[in-house]
Structures are given as C-alpha cells and as structure tokens.
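# Examining the three-dimensional arrangement
Given next are the chains, with one letter for each unit.
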Amino acid sequence: MTDGTFEAFRKAEALMAQRRPLDALRELRPVLDEAGEAPSVQLLAGRAYLGSAQLNRAEEAFRKVLDLDPSDHYARFALGKTLQRQGRLPEALAQLRMAVAMHPSPEYQEALGEVKARLALGN
C-alpha cells in the first residue's frame, strides 16, 4: 500500500467509527483498486457495505475475506449477520455457529440465539 492508500484506508476506518459508511466507501475506492485483495481492506469494505445496506456487496466482501483466511471469526460473524438481514436464516445460522465456536463473545452468542429463535418461530 502506498502512503496515500494507507491514509485513505485510515480515513475510511475513522468514517466507519463515526457511522458514515457511504463516506467510508468513497474513501475506500482507491484502496480497493490498489489493495483490494488484502483481507483488511475487504473486511472494512464489507462493514461499510453492511452499514449502508448493500447486502450483496457485503456478502461478497466477507466471503473474499474468508477465502483468504477461513479462521477470521469476525468475517464469519459479519457474514452471518449479512445473511440474516437477507432472510437466509439457515445459512446465517451456520456462519454464526462457526463464529461462536471460534470466538464465544457475548455479541456473537446473542446473534446466534436470535437466529435460532427466528428459525424456531418459522421466520
């Protein structure tokens, strides 16, 4: 990554922290062009896509991260949340189960419980 690309990446991270995903995506455009295969870049892009309800793009980004690093528990969690928002609950359940097995954080466990409950209710 060049210095300019790195700065754009850092600015996009800051924009995500401010809950400004569309602005973060604008900042990420040159980063994606130059370093789009980096897991950290795809993860940040996926978060921005998810935050701006671009669910198909979010899914694609999180799957790219997992292709590069199948042990990334956050990417699994985020993919599970993305699939949940798309109404693809069985697929979401599988991803969230793996995320919880890798990293049993309360946030992951809560998301898993939510999907299990929705499936039990038939939604």
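Refer to the structure printed above.
On a predicted model such as this, the values are computed, not experimentally measured, just so you know.

Looking now at the side chain of Gln-84. Inspection of the secondary structure assignment puts Gln-84 in helix H5 (residues 73-85). Residues contacting Gln-84, with those up to four places away along its chain left out, are Leu-89, Ala-92, Glu-114, Val-115 and Arg-118.

The next thing to look at is the environment of Asp-33. Take Asp-33: it is sitting in helix H2 (residues 21-35). Along the primary structure Asp-33 and Thr-5 are separated by 28 residues, whereas in three dimensions their C-alpha atoms are 9.6 Å apart.

A separate point is the environment of Asn-56. For Asn-56, the position within the fold is in helix H4 (residues 55-68). Looking at Asn-56, the relative accessible area reads 60%, which means it is exposed. When the C-alpha positions of Asn-56 and Gly-4 are compared, they lie 28 Å apart, and in sequence the two are 52 residues distant.

This structure, assessed with the given rule, holds nine salt bridges. For Asp-23, the salt bridge identified is with Arg-26, shortest N-O distance 2.1 Å. Of the two residues, Asp-23 and Arg-26 are both situated in helix H2; the distance of three residues between them amounts to about one turn of the helix. Accessibility expressed as a relative area gives 22% for Asp-23, which makes it partly exposed. Here Arg-26 falls in the partly exposed class, since its relative accessible area comes to 44%. Glu-60 serves as the salt-bridge partner of Lys-64, at 3.6 Å between the closest nitrogen and oxygen. Of this pair, Lys-64 and Glu-60 are both found in helix H4, four residues apart, which corresponds to roughly one turn of the helix. Residue classification places Lys-64 among the partly exposed residues on the basis of a relative accessible area of 31%.

Attention now moves to the nonpolar core. Grouped together as the largest cluster of nonpolar side chains are 38 residues, with contacts concentrated most on Leu-28 and Phe-62. Of all the elements in the fold, those that place two or more residues in this core are helix H1 (3-17), H2, helix H3 (39-51), H4, H5, helix H6 (89-102) and helix H7 (106-120). Take this core: its biggest share by element is seven residues, from H3. A domain split of this core shows at least three residues from each of domain 1 (1-69) and domain 2 (71-122). Here Phe-62 is in contact with Leu-43, Gly-46, Arg-47, Leu-50, Ala-75, Ala-78, Leu-79 and Thr-82, once residues within four sequence places are set aside.

Residue placement: Thr-5 occurs in helix H1. Thr-5 gets classed as buried once you look at its relative accessible area, which sits at 7%. What Thr-5 contacts, discounting residues up to four positions off in sequence, is Val-31 and Glu-34.

Thresholds applied
- Residues numbered from 1 in each chain as written.
- Predicted model: local features only at pLDDT ≥ 70, side-chain atom pairs only at ≥ 80, totals over all residues.
- Heavy atoms only, no water.
- Helix = DSSP H or I, 4+ residues; strand = E, 2+ residues; numbered from the N terminus.
- Contact = heavy atoms within 4.5 Å.
- Buried < 20%, exposed > 50% of the residue type's maximum accessible area, 1.4 Å probe, protein only.
- Salt bridge = Lys/Arg side-chain N within 4 Å of Asp/Glu carboxyl O.
- Core = buried A, V, L, I, M, F, W, Y, C linked by side-chain atoms within 4.5 Å.
- Domains from an automatic or database assignment.

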